[in-house]
Amino acid sequence: MNSTCLRAVVAAVILLSANSAALAHGFAGQRFFPATILTDDPFVADEMSIPQATVNPPGPDGSRETDIQIDLTKRITPDTDVTISNQWQRLKPAGLPAVTGFGPLETGAQYQLFVNGPHEALGLVGLNVTWAHTGRVQALGAPDFTTLSPTFDFGKGLGDLPRSLPYLRPFAITGNLGFDFPTKVE
């Protein structure tokens, strides 16, 4: 086991070993903001995504790709959390031997800027880091540079609209804004 994998395992054990009470998260007033396929959670949380496996059908050239990913998020304070994730990949080009290995290590930290119950609004800022030289660079395309990604996640329910707009009040909007800044320019 290489040192990167060992560090990831140690970090995962530390994140999972801390015990905290189950707390409801994702609420702003009476509004619940669930994570969706397209948007991330706009709130801090204790979460673990069990291994997510993706098996892509053979491409036009007969190549195959399999990915297995795990994410761990641990709340440090009521308004702060940290995340660690990694992905194992298997690429099998047609007529060539398969290549396997881990992708780049990804970590992050988030801070809950505000939760406004009466206006059903919440905001979260974060910084995600994709670390250089932590995956199989040449074989799987892992980057040889670190990428910093500041983010802003938000949610706004429409329940505070006037009662004269009853058909809009059940709706809510969530979104994620982020930018990637590579630390090496070619």
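How each quantity is defined
Residues numbered from 1 in each chain as written. Predicted model: local features only at pLDDT ≥ 70, side-chain atom pairs only at ≥ 80, totals over all residues. Heavy atoms only, no water. Helix = DSSP H or I, 4+ residues; strand = E, 2+ residues; numbered from the N terminus. Buried < 20%, exposed > 50% of the residue type's maximum accessible area, 1.4 Å probe, protein only. Contact = heavy atoms within 4.5 Å. Areas by Shrake-Rupley, 256 points an atom, 1.4 Å probe, with all protein chains shown as cover. Phe/Tyr/Trp six-rings, centres within 6.5 Å; stacked < 30°, edge-to-face > 60°. Polar contact = N/O pair within 3.5 Å; in protein donor to acceptor, adjacent residues only side chain to side chain. Pairing = 2+ DSSP bridges.

A.B. asks: Would you mind going over the overall build of the protein in detail, with residue names and values included?
C.D. replies: Check the secondary structure of the protein and you find 2 helices and 11 strands. The N-to-C order of helical and strand elements in the protein reads α-β-β-β-β-β-β-β-β-α-β-β-β. Here the protein holds 186 residues, and the buried ones make up 30% of them. Taking the intrachain contacts of the protein between residues at least 6 apart in sequence as the baseline, contacts between residues at least 24 apart amount to 53%. A total accessible area of about 11600 Å² is found for the protein, and carbon and sulfur atoms account for 64% of it.

A.B. asks: Describe the packing of aromatic side chains, with residues and values.
C.D. replies: Each aromatic ring pair is characterised by the separation of its centres together with the angle its planes make. Summed over all chains, the structure comprises 2 aromatic pairs. An angle of 45° between the planes, with centres 5.1 Å apart, marks the rings of Phe27 and Phe32 as tilted. Judged by relative accessible area, Phe27 falls into the partly exposed class, the value being 43%. Between the aromatic rings of Phe152 and Phe154, the centroid separation amounts to 5.9 Å while the plane-to-plane angle is 20°, which identifies the pairing as stacked. Overall, Phe154 belongs to the partly exposed group, its relative accessible area being 25%.

A.B. asks: Pulling in residues and values, what's your account of the environment of Pro60?
C.D. replies: For Pro60, the location among the structural elements is in the loop between strand S3 (47-56) and strand S4 (64-77). Taking C-alpha positions, Pro60 is 9.8 Å from Ala94, a pair spaced 34 residues apart along the chain.

A.B. asks: Provide a residue-level description of unusual backbone geometry, including the pertinent values.
C.D. replies: The phi angle at Glu120 is positive, at roughly 50°, despite the residue not being glycine. Residue placement: Glu120 occurs in the loop between strand S7 (106-116) and strand S8 (121-130). Residue His133 is not a glycine yet carries a positive backbone phi of 60°. Of note, His133 is situated in the loop between S8 and helix H2 (137-140).

A.B. asks: Could you give me a rundown of the environment of Asp180, with the residues and numbers involved?
C.D. replies: Along the polypeptide, Asp180 turns up in the loop between strand S10 (172-178) and strand S11 (181-182). With relative accessibility at 57%, the residue Asp180 sits in the exposed group. Those residues in contact with Asp180, other than ones at most four positions away along the chain, are Thr147, Leu148 and Ser149. Polar side-chain contacts of Asp180 include one of 2.6 Å to the side chain of Ser149.

A.B. asks: A description of the pairing of S4 should follow, citing residues and the corresponding values.
C.D. replies: Here S3 runs beside S4; their pairing, made up of 8 bridges, is antiparallel. Across the sheet, Thr54 pairs through a bridge with Asp67, a residue of S4. Inspection of the sheet shows S4 paired to strand S5 (residues 80-92) by 13 bridges, in the antiparallel sense. Within S5, the residue paired with Thr77 across the bridge is Thr80. With antiparallel pairing between neighbouring strands as the criterion, S4 and S5 make up a hairpin whose turn holds 2 residues.

None of this, on its own, says anything about what the molecule does.
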